[in-house]
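Structural overview
The primary structure of each chain is shown beneath.
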Amino acid sequence: MKTVLQTNTPLKGTITVPGDKSISHRSIMFGALAKGITKVTNFLMADDCLSTISVFRKMGIDIEVSDKEILVYGKGLHGLKKPDETLYTGNSGTTTRLISGILAAQDFETRLTGDASIEKRPMKRIMTPLSMMGADIKSEKDNGCAPLIINGRKLHGIDFTSPVASAQVKSSVLLAGLYADGPTSVTEPALSRNHTEVMLKGFGADISSEGLTAWIKPASELFACDIDVPSDISSAAYFIAAALLVPGSELLIKNVGINPTRAGIIKVVKAMGGKIELQNERVSGGEKTADIYVEYSKDSLKGITIEGDIIPTLIDEIPVIAILAAYADGTTIIKDAAELHVKECDRIDAMDNDLKIMGADITATEDGMIIKGTGHLNGGTIKSYNDHRISMSFAIAGLVSDAPVTIDDEKCVSISYPTFFSTLESLY
Ligand code: S3P
């Protein structure tokens, strides 16, 4: 239980948020499959990425963790060993879905599961294409969810058209494609984050993309490399929102990844009338980064429609965007975001229930929500649904609500941002 202190103290200064979650996961996975030592700096030390480290350690990969860096002692594409026990992926959909693609091609059987949330999330979306490649992958309870039993097999290359824009699905198939007997392609309905494509190229894979399609050729080897993880725009999003909402704020968030497949929130904040600016734009390790400068602009925030191809580029930021919408003037319509139903919790239901508790005018729809912003929210006790992004979004809502916000169980922030509350509280 956590009550957020309302504040009138402007949020000023320069902050850094932790490393990108998607890139941190992939640095361990690809490092494990490469030959040599992959050095990772600014790795996200949060529960989800620790789950990835834990499963690869169980498959015989030495991973040295220090304050300065992570060293992954890769054993090559065929160097993983059969784990002695079930691989437990905690709350992490990325770990579960991406390693399924790798496990589908190993010469051993694995059982894979995670926490209560993971055991409810849809795995058919990876089971279908991996089975088309020849994989033997079963849902233990035959409900399309984990626990999964994966028996490694020889895989065939396929051309897969995914019904969902999901980087986890795309990456799972591309990783299996590394081991296939011919080229594999994945075409999505809208472009999802492309970190797998960018990073695997850096590890020496023959991978390319154009428009909505990514291709990979089977690999005989990957090669270790150094990865400096940019700060996570999904974590920066909470501080972008905080600075927009707390009067007098001027915040600089340093070295944030602004890969166009992730940076939809910048466009949305601009379209809503928020004062936000990218400074010092540069490219590091194939990923665009920038410092993000944000100024208080609650009084000029307007409702907008958010739909179509931009949705995958801000899918994890929709809860905090919904908070901004409630504090804006006018109607915000979020469409084409049915994927929110199958995140760490059902984020459409969660936002609908919690924003109603705070007195917002919100209507949940099949594929999103409609929020009539009134410029203010009451306080209230909201449920986190054990979802880190719901917790952090309502912590931001509570900074400027009429009465305090209490979050029933806020500890889940450790999934992606263990130091979230200490960073927030250090600012006022
Ligand atoms: C992720 C992909 C997205 C995102 C998740 C991380 C990734 O999920 O929501 O937080 O690292 O590939 P989907 O692939 O289900 O859209």
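All values derive from a computational prediction rather than experimental measurement. (Residues numbered from 1 in each chain as written. Predicted model: local features only at pLDDT ≥ 70, side-chain atom pairs only at ≥ 80, totals over all residues. Heavy atoms only, no water.)

Around the ligand, the surrounding shell consists of Ser 22, Arg 26, Thr 94, Arg 97, Ser 166, Ala 167, Gln 168, Arg 193, Ile 315, Asp 316 and Lys 343. One nitrogen or oxygen atom from the side chain of Ser 22 is found 2.7 Å from an oxygen atom belonging to the ligand. Taking Thr 94, its side chain carries an N or O atom lying 3.5 Å from an oxygen atom of the ligand. Here the ligand, which alone exposes 380 Å², has 95% of that area covered by the protein. Taken atom by atom, the bulk of the ligand overlaps the largest pocket. Partitioning the shell around the ligand into residue classes produces 2 nonpolar, 4 polar and 5 charged. Of the residues that make up the shell around the ligand, three or more belong to each of domain 1 (2-18 + 230-425) and domain 2 (21-228). (Near = heavy atom within 4 Å. Polar contact = N/O pair within 3.5 Å; in protein donor to acceptor, adjacent residues only side chain to side chain. Areas by Shrake-Rupley, 256 points an atom, 1.4 Å probe, with all protein chains shown as cover. 1 Å grid on protein atoms, 1.4 Å probe; cavity = no way out; pocket = protein on both sides within 12 Å on 5 of 7 lines; lining within 4 Å. Sits in = over half its atoms within 2 Å of the grid points. Nonpolar A, V, L, I, M, F, W, Y, C, P; charged D, E, K, R; others polar. Domains from an automatic or database assignment.)

Before going further, it helps to spend a moment on the side chain of Glu 339. Tracing the chain through its elements places Glu 339 in the loop between strand 19 (329-334) and helix 10 (347-357). Take Glu 339: its relative accessible area is 18%, and that puts it in the buried class. Within polar-contact distance, the side chain of Glu 339 engages the side chain of Arg 125 at 2.8 Å. (Helix = DSSP H or I, 4+ residues; strand = E, 2+ residues; numbered from the N terminus. Buried < 20%, exposed > 50% of the residue type's maximum accessible area, 1.4 Å probe, protein only.)

Now for helix 10. Of all the residues in helix 10, the buried ones are Arg 347, Ile 348, Ala 350, Met 351, Asp 352, Asp 354 and Leu 355. For helix 10, the secondary structure elements touched by its buried residues are helix 9 (318-327), strand 20 (361-365), strand 21 (368-374), strand 22 (380-382) and helix 11 (388-397). At the N-terminal boundary of helix 10, the capping side chain belongs to Asp 346, with an oxygen 3.1 Å from the backbone nitrogen of Ile 348. Of the residues one or two after helix 10, Gly 359 is the one with positive phi, at around 85°. (Contact = heavy atoms within 4.5 Å.)

Before going further, it helps to examine the layout of surface pockets. Looking at the largest pocket, its volume works out to about 540 Å³. Around the largest pocket, the lining comprises 34 residues; the ones closest to its centre are Ala 165, Ser 166, Ile 315, Asp 316 and Lys 343. Put simply, the parts of the chain that give the lining of the largest pocket at least two residues each are helix 1 (21-33), helix 3 (93-103), helix 5 (167-177) and helix 11. Here the residues of the lining of the largest pocket sort into 9 nonpolar, 9 polar and 16 charged. (Points joined across faces, edges and corners; volume = space filled by probe spheres on them.)

The next subject is the pattern of salt bridges. Applying the stated criterion to the full structure yields 24 salt bridges. The shortest N-O distance in the salt bridge between Arg 347 and Glu 344 comes to 3.0 Å. When its relative accessible area of 11% is taken as the criterion, Glu 344 is described as buried. Between Arg 347 and Asp 387 there is a salt bridge; the shortest N-O distance is 2.7 Å. With Arg 347 in helix 10 and Asp 387 in the loop between strand 22 and helix 11, this pair connects stretches of sequence that are 40 residues apart. With respect to class, Arg 347 is no different from Asp 387; both count as buried. (Salt bridge = Lys/Arg side-chain N within 4 Å of Asp/Glu carboxyl O.)

For the structure on display, the rule yields 6 aromatic pairs. When the centroid spacing of 5.9 Å and the interplanar angle of 75° are considered together, the rings of Tyr 238 and Phe 420 count as edge-to-face. You can see Tyr 238 sitting in helix 7 (residues 233-245) and its partner Phe 420 sitting in helix 12 (residues 420-426), a full 182 residues away along the chain. Residue Tyr 238 is classed as buried on the basis of its relative accessible area of 1%. Through successive ring pairs, a cluster of aromatic residues spans Tyr 238, Phe 239, Tyr 417, Phe 420 and Phe 421. The side chain of Lys 2 reaches across the aromatic face of Phe 421, ending 4.8 Å from its centre. (Phe/Tyr/Trp six-rings, centres within 6.5 Å; stacked < 30°, edge-to-face > 60°. Lys NZ or Arg CZ within 6 Å of the ring centre and 35° of its normal.)

Here 4 strands make up an open sheet; going across it, the order is 10-11-13-12 and the pairing mixed. Edge positions in the open sheet fall to strand 10 (159-161) and strand 12 (207-210), since each of these has one partner strand only. Averaged over all pairs of adjacent strands, the angle between their axes in this sheet comes to 15°, without regard to strand direction. Taken together, the 4 bridges between strand 11 (residues 184-187) and strand 13 (residues 213-216) define a ladder with antiparallel strand orientation. Counted as the bridge partner of Thr 187 is Thr 213 from strand 13. The strands touched by helix 5 are strand 10, strand 11, strand 12 and strand 13; relative to strand 11, the strand with the most contacts, the crossing angle is about 170°. (Pairing = 2+ DSSP bridges. Axes fitted to C-alpha atoms, helices over the stretch in contact; angles between N-to-C directions.)

Looking now at empty space enclosed by the protein. Overall, the coordinates contain 1 cavity of 30 Å³ or more when judged by the stated rule. Lining the largest cavity are Asp 20, Ile 23, His 195, Pro 230, Ile 233, Gly 257, Ile 258, Asn 259, Arg 262 and Glu 287.

What the domain assignment reports for the protein chain is domain 1 (2-18 + 230-425) and domain 2 (21-228). Taking only C-alpha atoms into account, the centre of domain 1 sits 29 Å from that of domain 2. Tallying the contact residues gives 25 residues for domain 1 and 24 residues for domain 2. Summed over both sides, the interface between domain 1 and domain 2 buries roughly 2,200 Å², with carbon and sulfur atoms accounting for 47% of that surface. Here Arg 121 ties to Glu 344 by a salt bridge, and the two come within 3.9 Å at their closest N and O atoms. Counting across the interface, domain 1 meets domain 2 through 11 residue pairs in polar contact (both at pLDDT 80 or more). Class assignment for the residues of the side of domain 1 that touches domain 2 results in 8 nonpolar, 8 polar and 9 charged. (Buried area = accessible area lost by both parts, 1.4 Å probe.)

Summarising the sheet, strand 3 (residues 35-41) and strand 5 (residues 70-75) pair through 6 bridges and their orientation is antiparallel. If you follow Ile 37 over to strand 5, its bridge partner there is Tyr 73. Where strand 4 (residues 62-65) and strand 5 come together, 4 bridges link them in antiparallel fashion. Paired with Val 65 across the two strands is Ile 70, which belongs to strand 5.

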